[in-house]
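Here's the letter readout for the chains.
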Amino acid sequence: MSVYKSGAFLQQCFSVHQLSLNLKLVSPPEIIGVVCTNCRMRHRLTLHPVTAQPRKKTESGNNEMLLLEGCFRGHPEDIRISSVHVERHAVEFRCRPCRRTYLMDVALFETYQS
């Protein structure tokens, strides 16, 4: 199994077949797993602290990674990647039912190809 430590593979999957990217793992405080069902690559994101940008104001002090984990447990099929910025080391997820956007600062991109 090959491991690539670059965000270019995730960015390529996002630009070519965005709807094939599925969130498969949310492991607080820092790990996110994404699988591409089209090319069968697994992307692991090791994160810096997460920030949430809801449309309506939430109580301060909420742990955004725990909010993302709650969305993932409740309705994982409704969470999509809305942008990938390799040069800024950032990935943005959007939860449609909650109307919440999660902007992640990525410390390390890893892609596993079998």
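Predicted model, so just to flag it, every value in this text is computed and none were measured.

Conventions used here
Residues numbered from 1 in each chain as written. Predicted model: local features only at pLDDT ≥ 70, side-chain atom pairs only at ≥ 80, totals over all residues. Heavy atoms only, no water. Salt bridge = Lys/Arg side-chain N within 4 Å of Asp/Glu carboxyl O. Helix = DSSP H or I, 4+ residues; strand = E, 2+ residues; numbered from the N terminus. Buried < 20%, exposed > 50% of the residue type's maximum accessible area, 1.4 Å probe, protein only. Contact = heavy atoms within 4.5 Å.

Enumeration over the complete set of coordinates arrives at three salt bridges. Between glutamate 110 and arginine 44 there is a salt bridge, with its nearest N and O atoms 3.6 Å apart. Of this pair, glutamate 110 sits in strand β7 (residues 100–113) while arginine 44 is found in strand β4 (residues 42–54), placing the two residues 66 residues apart along the sequence. The class of arginine 44 is partly exposed, set by a relative accessible area of 34%. With a shortest N-O distance of 2.9 Å, arginine 73 and glutamate 69 are connected by a salt bridge. Note that arginine 73 and glutamate 69 are positioned in helix α2 (residues 64–74) at a spacing of four residues, about one turn of the helix. Judged by its relative accessible area of 62%, arginine 73 is exposed.

Summarising the element assignment, histidine 75 is placed in the loop between α2 and β5 (79–85). Separated by 23 residues in sequence, histidine 75 and cysteine 98 have C-alpha atoms that sit 9.8 Å apart. Non-local contacts of histidine 75, meaning those with residues more than four positions away in its chain, are made with Cys95, Pro97 and Cys98.

Read these as geometric descriptors, not functional statements.
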